[in-house]
Amino acid sequence: MSAQDTGHQDTVERAAATPDRPQPHAELGLTGEEYQRIIEVLGRRPTDAELAIYSVMWSEHCSYKSSRAHLRQFADKAPPTTALLAGIGQNAGVVDIGQGYAVTFKVESHNHPSYVEPFQGAATGVGGIVRDILAMGARPVAVMDSLRFGPADAPDTRRVLPGVVGGISFYGNCLGLPNIGGELAFDACYAGNPLVNVLCLGVMRHEDLKLAAATGPGNLVVLLGSRTGPDGIGGASVLASASFGGAGGEGAKRPSVQVGDPFMEKLLVECGLELYAAGLVVGVQDLGAAGVACATTELAAGGGTGMRVRLDSVPLRDASLGPAEILMSESQERMMAIVEPARLARFLGICAKWDVLATVIGEVTGTGRLEMTWHGDVVVDIPPASAADQGPVYLRPAQCPPGQAALQADEPSRLARPATGPELRSTLLVLISAPNASDPGWVTEQYDRYVRGNTVLAAGQDAGLVRVDEQTSLGVALAIDGNGRYGRLDPYAGAQLALAEAYRNVAATGARPLAVTNCLNFGSPEDPAVMWQFTEAVRGLADACLTLGVPVTGGNVSFYNQTGEAAIHPTPVVGVLGVHDDVRRRLSTGFRRAGCRVVLLGRSEAEFGGSLWAYVAHGHLGGRPPAVDLAAERSLALLLTEASRRGLLEAAHDVSDGGLAVALAECCLAGGQGAVVGFPGRRPGEEFADLFGESAARAVVAVRPGAEAEFAALSETGGVPVTDLGTTGGASLEVTGSFAIPLEELAAAHRGTLPALFG
Amino acid sequence: MTARVGVITFPGSLDDQDAVRAVRRAGATAVPLWHGDRDLRGVDAVVLPGGFSYGDYLRCGAIARFAPVMAELVPAARVGLPVLGICNGFQILCEARLLPGALTRNRGLRFISRAVKTRIQNASTPWTSDYAPGQELTLVIKNIDGAYVADPATLAGLEARGQVLATYAGANPNGSADDIAGVCSESGTVAGLMPHPEHAIDPLTGPGDDGLGFFTSAVRALVSA
């Protein structure tokens, strides 16, 4: 039977008359209690269309029902700041960066779709986060990607990785957004559960800020962009159900991964920005997960108003779709705008200029109800906030897993260490050619970093740096970091270390860290051990943000990254945004000039828990991650920012995975100059801990010749310990007395790994 | 009098603002042109920027060649209006038969974004007169369909008539025939380039400023014309 056959639609009237009709709430992912709660809210059973709305809006993905109670800490512990123009709860946080500019940024996951269909899964992940940024009123100006896969040599990684990278490349490049960096990591725990986290940055003037609110009864609801099709029904939210709605069994076979059209998205971006600039938009919301259901409920709830929507007005790609499917469809490249009737003609004129389909599908009302009709029959009549904001909240049981103490007790001190110059030499070569530390050029060369002409730093640097104003050289730096091994050993410290690394990376460009976004990737929240990891990570991140004075502006939670009983490592991925007063003074990682003093900043301990060395050389994961010292992180960041402002440094690079040795190798390869370093008091062959330890709060810098005294004084004033290591120059990286590696050999080791694996 | 250089925006053009910036930095006035207008607004030269016009659906540049603005551009180019097509713009010029040959999928089948060495082969066109013959430039490629192809007779003819504008100086990045990075019309006024000169006008945001010469060449040619 056809869904257009209105005689068979489940209307509000029919729902009231048939209270006992069974409904497939369980197949749609709703528990019995949740279904009962809907009945209480409505005072009757929901219609099929209403059930569709609640099932997607109350899904974990949309409602954050397992995480919401914990995420409150980000607001409760937020450091005092005047920089935040919009915070958690909006599509993305908005930060004042001065000179009348504001930036908005957010990271989101597209993990599950990227495993099912790597190319489209990753591509539509880019599309979704870009629309979030556009919905705030900003022009999207850059993206970053944080990627994690199973073992680099696993057959399935050969399927997933090229597809994911190809999808990000395809969508981001076609959209004209420079990719300014990110992360690439491999671990067996991500086999079957790759992590694809994409960050987008947008720029606007303060007055351009838009909110997702349907205000002004009588204003029109306009759907913009692609036609609605059957793709991705329940894709991001719940599994599609064969028995659902009126469309029959055929619907179940349709793909649950959406298909992206970056060309349409580019038109939406340009059209949307022109509509904003012309003052024709009262409120706006992107259509992502849960599509029309999400946009209508959130806009109406955000405006505190009601809304009447004619679902049969939604332009379709497949005429057989019924109301429930239209509500749940996750067809890409769509937005919803609220427009004053008097301005509709101009609004539609701009849409026509950009060949963007725009359709009035309803209007804002003052009733406080979200009403939807299907060929005149009322099929939805709900309080919008009940779906958008008042979903269930669960405090799920959390318990430290029994193996955790044993894991932490399994110290890496028992592992055999290199003890001679030649052994240290080969250890460095092994580490910089390991997939986790090798040159990611195979990936990043597939991304356009140049488009828009404002990219100052991109992949291969500590952070991406984008110029915001060509006249004043104001810019924004962004880094995105995570470390699943640290998270596994201690989720509280692991989250803090991820934040600390991104914060340090932003400062290493000379920028001042200002705000935080995050993507919390975890296993199933129904597993108390995972829930414990999650609560620890959130608490750690919130505490550290408070200490460092950088507020969380928004983010994303991705649960259920697990196959059977095996969850991924707890992997909070943290993005830090900083403001750069003058991008012409940016610091980069490369040693480009000979004769500079090479100085290590920060205190070093022999810390190897969760280290790259333990993982690569021994396949070991145990002990405790490096100690967190947020005061030291703050001092280091202040020093790097001030030294950049005074022009004292030629290069700066944070020390993290693989320790100082890997950092030095990267500095040499990035700039083409070698270095000769030594460690006072060590006999040759004894430098293992100096070279490969992973103490946090450290960076290596090359000091501009002539600025040594001023930099030393500044370091002392700032309370940052300094160790003079040696000098830049020559064609090798040399540790005096122990070993030397010609840059050509370093480069071959560093750059050969991914091409050998992926072609 | 400053030269007026038009930059066409098609739906899906991406590097149009970069082209505008380069035109301005070369001292000319940048005039935005819209794909849907049959109007060149009296410009002295035109740049077709990079991007994915019309999503590159069907074939790169295949739909853009039918845009209303092209109905004005093609005859004007045939009688001497200087036109530079960069990347997608080059693809459009080939589809419009203003330039011979075609751009096909890169060897390796992947998108490639990196700085490349490019050698100027013909320094006597309006777009290259500020360079010396044989001069090596560092420019940027970023495309997935950048491999230049043409039949052997066409390639021989291009060579004989000096229509090879530029070649890749280092390793051929994408399998282009005869290492060709750019070609021009017989008169030299219509030029197509896969590498992006507009992304190499400032060492802050690109690999250097070697690309600015394409735009200053045009400005000089227009002012002295």
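Position numbers for residues count from 1 along each chain, tracking the sequence in the order it is written. As they are written, the chains are lettered A onward and the ligands numbered 1 onward, keeping that order. Reporting in this predicted model follows two pLDDT cut-offs: at least 70 for local features of residues, and 80 or more for side-chain atom pairs to be given and counted; totals over whole chains, interfaces and linings ignore these cut-offs and use all residues.

*Asks:* Is there a simple way to explain the overall build of chain A in this structure?
*Replies:* Counting its secondary structure elements, chain A contains 25 helices and 28 strands. Expected size for 759 residues packed as a compact globule is a radius of gyration near 27 Å; at 27 Å, chain A falls within 12% of this value. Reported as C-alpha extents along the three principal axes, the dimensions of chain A are approximately 85 × 55 × 45 Å. Expressed as a percentage of its 759 residues, the buried residues of chain A come to 63%. Any residue pair is listed as a contact if its two C-beta atoms, each placed from the backbone, are within 7 Å. The contacts in chain A between residues at least 6 apart in sequence include a share of 85% that link residues at least 24 apart. Strands here are runs of E lasting at least two residues and helices are runs of H or I lasting at least four, both read from the DSSP assignment and numbered beginning at the N terminus. Restricting the calculation to C-alpha atoms gives the radius of gyration, and the globule rule supplies 2.2 Å times the number of residues raised to the power 0.38. Any residue with 12 or fewer other C-beta atoms within 10 Å of its own C-beta is exposed, any with 20 or more is buried, and the rest are partly exposed; the C-beta atoms used are placed from the backbone.

*Asks:* What exactly am I supposed to notice about the overall build of chain B here?
*Replies:* Looking only at helices and strands, chain B has five helices and eleven strands in total. The C-alpha atoms of chain B give 15 Å as radius of gyration, which agrees with the globular expectation for 225 residues (17 Å, within 12%). Each of the 225 residues in chain B was classed as buried or not, and the buried ones make up 58%.

*Asks:* Please explain the sheet that holds strand β17 (residues 512-521) of chain A as it appears in this structure.
*Replies:* In sheet architecture, strand pairing relies on hydrogen bonds along the backbone and comes in two forms, parallel and antiparallel. Residue and element names in this part refer to chain A. One bridge is not enough; two strands pair if DSSP finds at least two bridges between them. Pairing is mixed in the open sheet, where six strands are placed in the order β14-β15-β16-β21-β17-β18. What marks the edges here is a single partner per strand, and that holds for β14 (455-457) and β18 (552-558). Direction aside, the axes of adjacent strands within the sheet are offset by 20 degrees on average. Sheet topology places β14 next to strand β15 (residues 464-467); two bridges connect them, and they run antiparallel. Considered in β15, the bridge of Thr455 is made with Val466. Its contacts with the sheet place helix α19 (residues 528-548) against β17, β18 and β21 (571-580), and it is angled at close to 175 degrees to β17. Geometry is summarised by axes, namely lines fitted to C-alpha atoms with helices restricted to the contacting stretch, and by angles between N-to-C directions that run from 0 to 180 degrees.

*Asks:* Please explain the sheet that holds strand β7 (residues 220-225) of chain A as it appears in this structure.
*Replies:* Residue and element names in this part refer to chain A. Spatial ordering of the open sheet is given by β8-β10-β7-β11-β9-β12-β13, a layout of seven strands whose pairing is mixed. Each edge of the open sheet is held by one strand with a lone partner, namely β8 (283-286) and β13 (377-382). Pairs of neighbouring strands in the sheet enclose a mean axial angle of 20 degrees, with direction left out of account. The sheet contact formed by strand β9 (residues 306-310) and strand β11 (residues 358-365) spans four bridges and is antiparallel. Residue Met307 lies in a different strand from β11, and its bridge partner there is Val364. Where helix α3 (residues 48-57) meets the sheet, its contacts fall on β12 (370-374) and β13, and the angle it forms with β13 comes to roughly 35 degrees.

*Asks:* Could you clarify how one ought to interpret the packing of helix α21 (residues 630-646) of chain A against helix α24 (residues 708-718) of chain A in this entry?
*Replies:* Axes are the key here: two packed helices are described by the angle between their axes and the distance separating the axes. Residues and elements named next belong to chain A. Two numbers describe how α21 lies on α24: the axes approach to 10 Å, and their chain directions differ by 150 degrees. Relative to α24, α21 is oriented roughly antiparallel. Where α21 crosses over α24, the two elements pack in a sense that is right-handed. Residues Ser635, Leu638, Leu639, Glu642 and Ala643 of α21 form the contact with α24, whose participating residues are Phe711, Leu714, Ser715 and Gly718. Residues were grouped as follows: Ala, Val, Leu, Ile, Met, Phe, Trp, Tyr, Cys and Pro as nonpolar; Asp, Glu, Lys and Arg as charged; and all remaining residues, including Gly, as polar. In terms of residue class, the contact of α21 with α24 is built from five nonpolar, three polar and one charged. Roughly parallel here means an angle under 35 degrees, roughly antiparallel means over 145, roughly perpendicular means 65 to 115, and every remaining angle is called oblique. In this scheme the crossing of two helices becomes right-handed for a clockwise turn of the near helix relative to the far one and left-handed for an anticlockwise turn of less than a right angle.

*Asks:* Sorry if this is basic, but what is going on with the environment of Ala69 of chain A here?
*Replies:* Residues and elements named next belong to chain A. For Ala69, the position within the fold is in helix α5 (residues 68-76). A tally of 15 C-beta atoms within 10 Å means that Ala69 is categorised as partly exposed. For Ala69 and Thr535, which are 466 residues apart along the polypeptide, the C-alpha to C-alpha distance reads 9.8 Å.

*Asks:* Can you walk me through the confidence of the model for chain A in this structure?
*Replies:* If pLDDT is low for a region, its predicted coordinates should not be looked at in detail. Residue and element names in this part refer to chain A. Values of pLDDT, ranging from 0 to 100, describe the predictor's confidence in every residue of the model. For chain A, per-residue confidence averages 93 on the pLDDT scale, and residues scoring 70 or more make up 96% of the total. Considering only residues more than four positions removed or in separate chains, one finds that residues 1-6, a stretch of pLDDT under 50, has twelve contacts. In the model, residues 236-254 has pLDDT below 50 throughout and makes 53 contacts with residues more than four positions away in sequence or in other chains.

*Asks:* Help me out: how do you make sense of the packing of α3 of chain A against helix α10 (residues 291-303) of chain A in this one?
*Replies:* Residues and elements named next belong to chain A. The interhelical angle for the contact between α3 and α10, taken along N-to-C directions, is 85 degrees, at an axis separation of 9 Å. One element, α3, and the other, α10, form an angle in the roughly perpendicular class. Of the residues in α10, those touching α3 at Ala52, Ile53, Val56 and Met57 are Ala293, Cys294 and Thr297. Looking at the contact of α3 with α10 residue by residue, the classes come out as six nonpolar, one polar and no charged.

*Asks:* Sorry if this is basic, but what is going on with helix α3 (residues 88-95) of chain B here?
*Replies:* Residues three or four positions apart in an α-helix share a direction because the helix packs 3.6 residues into each turn. Residues and elements named next belong to chain B. In terms of burial, α3 is a largely internal element, eight of the eight residues being buried. Buried residues of α3: Asn88, Gly89, Phe90, Gln91, Ile92, Leu93, Cys94 and Glu95, and no others. Tucked into the core, α3 has its buried residues touching β3 (45-48), β4 (83-86), β5 (102-104) and β11 (190-193). Two residues or fewer after α3 comes Arg97, characterised by a positive phi angle close to 65 degrees.

*Asks:* So what exactly am I meant to see when it comes to the interface of chain B and chain A here?
*Replies:* Note on interface size: it is often stated as the accessible area lost on association of the parts. Contacts between the two partners involve 23 residues from chain B, matched on the other side by 23 residues from chain A. Sorting the residues of the side of chain B that touches chain A by element identifies α1 (16-25), β6 (112-120) and β7 (136-143) of chain B as the ones contributing at least two each. Its residues assigned to classes, the side of chain B that touches chain A comprises eight nonpolar, nine polar and six charged.

*Asks:* Help me out: how do you make sense of the nonpolar core in this one?
*Replies:* As a rule of thumb, soluble globular proteins bury nonpolar side chains together. Under the definition applied here, buried Ala, Val, Leu, Ile, Met, Phe, Trp, Tyr and Cys residues are grouped into a nonpolar core through C-beta atoms within 7 Å. Ranked by size, the top nonpolar core spans 323 residues in total, and within it Ile53, Met57, Leu478, Leu499 and Leu664 of chain A together with Val23 of chain B carry the most contacts. Not counting the four nearest positions on each side in its chain, Leu664 of chain A is found in contact with Ala675, Val677, Val700 and Leu733 of chain A.

*Asks:* What am I meant to see in the pairing of strand β23 (residues 649-654) of chain A here?
*Replies:* Remark: a regular strand shows side chains that alternate across the two faces of the sheet. Residues and elements named next belong to chain A. Buried residues dominate β23, accounting for six of its six residues. In this structure, β23 lies alongside strand β25 (residues 699-703), joined through five bridges in antiparallel fashion. Opposite Asp654, over in β25, you have Ala699 as the bridge partner.

*Asks:* Where do I start with the pairing of β25 of chain A in this structure?
*Replies:* Taking burial as the measure, the five residues of β25 of chain A include five buried ones, the bulk of the element. Of the two faces of β25 of chain A, the one carrying Ala699, Val701 and Val703 of chain A and the one carrying Val700 and Ala702 of chain A are both buried.

*Asks:* Would you take a moment to explain the environment of Arg488 of chain A for this structure?
*Replies:* Residue and element names in this part refer to chain A. With respect to the helices, strands and loops of the structure, Arg488 is situated in helix α17 (residues 484-489). You can call Arg488 buried: it has 23 C-beta atoms within 10 Å. Measuring from C-alpha to C-alpha, the distance between Arg488 and His569 comes to 5.2 Å, with 81 residues separating the pair along the chain.

*Asks:* When you look at unusual backbone geometry in this model, what are you seeing that I'm missing?
*Replies:* Backbone phi values are negative for most residues with the exception of glycine, while trans is the configuration of most peptide bonds. All names here are of chain B. A positive phi angle, near 60 degrees, is found at Cys87, a position not held by glycine. Position of Cys87 relative to the elements: it lies in the loop between β4 and α3. Residues other than glycine seldom take positive phi values, yet Leu109 does so here, at roughly 65 degrees. Structurally, the position occupied by Leu109 is in the loop between β5 and β6.

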